[in-house]
Amino acid sequence: MQVILIGRGTEPVPGQVVFNSRGVSAQHAKAVIDPAKNTIVLEDLGSTNGTFVNGFRIKRKSISHNDIILLADQRLNLQQIFDAARTTRENPNDYSVEFAKLQGVWDNYQLLLKQARSNNGMDSFMTVCLIVAPALLLGPIAGVVVGTAAGLGGGAMLGSSIGMAARELFTKNKSSKTQNLVTEIENDFKIHYVCPKCSRSLYGFPYEYYKKQKRCVQCSAIWIKS
Ligand SMILES: [Zn+2]
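Since this is a predicted model, take the numbers as computed values, not measurements. (Residues numbered from 1 in each chain as written. Predicted model: local features only at pLDDT ≥ 70, side-chain atom pairs only at ≥ 80, totals over all residues.)

**Section: the sheet that holds strand S4 (residues 39–44)**
Pairing between sheet strands relies on hydrogen bonds along the backbone, with the strands arranged either parallel or antiparallel. Stated formally: DSSP calls a pair of strands paired once it identifies at least 2 bridges connecting them. Runs of H or I in DSSP of at least four residues are treated as helices and runs of E of at least two as strands, each being numbered from the N terminus. Only C-alpha atoms enter the line fits that serve as axes; for helices the fit covers just the stretch in contact. Angles between N-to-C directions range over 0 to 180 degrees.
The strand order across the open sheet formed by 5 strands is S2-S1-S3-S4-S7, and the pairing between neighbours is mixed. Bordering the open sheet on either side are strand S2 (16–19) and strand S7 (60–62), each of which pairs with just one other strand. Going across the sheet, the axis of each strand differs from the next one's by a mean of 15°, ignoring polarity. Across 6 bridges, strand S3 (residues 29–34) lies against S4 in antiparallel orientation. Note on S4: the bridge partner recorded for Val32 is Val41.

This is the structure we're talking about:
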């Protein structure tokens, strides 16, 4: 647990985020970092002009990378909170709190990919039920219309081959949609799955892999304290 005070001031203060702005109160808000729960909770300290998260005035709220945070008219981002937190650590190269956040980024990515792919699987199954099954039922009728020479067997074959073609078309269309979704998930993941110090991309290997490395090979930031 680490508490970061946020308020007005003209000089940087270790362990605090300072804004040189009249709208910001001297003791405007505080951020509580909980590395165990992997959360950051922002709390307004009775400021004059308020603390806002995504347009809503808040008293106390858990915040994440995607939130737009304003203290009066000043934009606050998570990086400022992390930077202030680091100034009070024994080792300024200690990025273990920020690195721990990547576990959630990785887990979420795996979950979203799995969902995107299983949705596709289910939709293919539905396509078989909706397209192929009626085609098989219609097959004998189509067979009669086409000609008695073809007989019931020919009709069934005709019906099912239409069904197969339709299914193939549907599956292709569906898989390109899934591909788009997967690309979106990948792109968002690539933005956040980076070294918290040098922003080097960590894409391509699981969180556990980097956890074992303990340090960034590029900037030597400490990821895991030993
Ligand atoms: Zn690095």
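**Description of the nonpolar core**
Quick reminder of the rule: Nonpolar cores are built from buried Ala, Val, Leu, Ile, Met, Phe, Trp, Tyr and Cys residues. These are joined into a set through C-beta atoms within 7 Å. To sort residues by exposure, count the other C-beta atoms lying within 10 Å of each residue's C-beta; 20 or more gives buried, 12 or fewer gives exposed, and values between give partly exposed, all with C-beta atoms placed from the backbone.
Judged by nonpolar contacts, the single largest core of 17 residues is most densely connected at Ile4, Ile6, Val17, Ala31, Leu42, Leu71 and Ile81. Breaking this core down by element, the ones donating at least two residues are strand S1 (2–8), S2, S3, S4, strand S8 (69–71) and helix H1 (78–87). For this core, the element with the most residues is H1, which contributes 3 residues. By size, the runner-up hydrophobic cluster in this structure holds 10 residues, among which are Cys195, Tyr210, Cys216 and Trp223.

**As for the pairing of S4**
The two faces of S4 differ: Ile40, Leu42 and Asp44 on one face are buried, but Thr39, Val41 and Glu43 on the other face are not. Turn length for the S3-S4 hairpin, with the two strands adjacent in sequence and antiparallel, is 4 residues, and the turn residue Asn38 shows positive phi of about 60°. Pairing of S4 with S7, which is carried by 3 bridges, proceeds in the antiparallel orientation. Within S7, the position partnered with Glu43 by the bridge is Arg60.

**So, the sheet that holds S8**
The 4 strands are arranged S6-S5-S8-S9 in an open sheet whose pairing can be described as antiparallel. A strand with exactly one partner marks an edge of an open sheet, and here the two such strands are strand S6 (56–57) and strand S9 (74–76). The sheet contact formed by strand S5 (residues 51–53) and S6 spans 2 bridges and is antiparallel. Across the sheet, the residue bridging to Val53 is Phe56, located in S6.

**Some remarks on unusual backbone geometry**
Backbone geometry places Asn38, a non-glycine residue, at a positive phi of 60°. Looking at where Asn38 falls in the secondary structure, it is placed in the loop between S3 and S4. Unusually for a residue other than glycine, Ser199 sits at a positive phi of about 65°. Its location among the elements puts Ser199 in the loop between helix H3 (151–192) and helix H4 (207–213).

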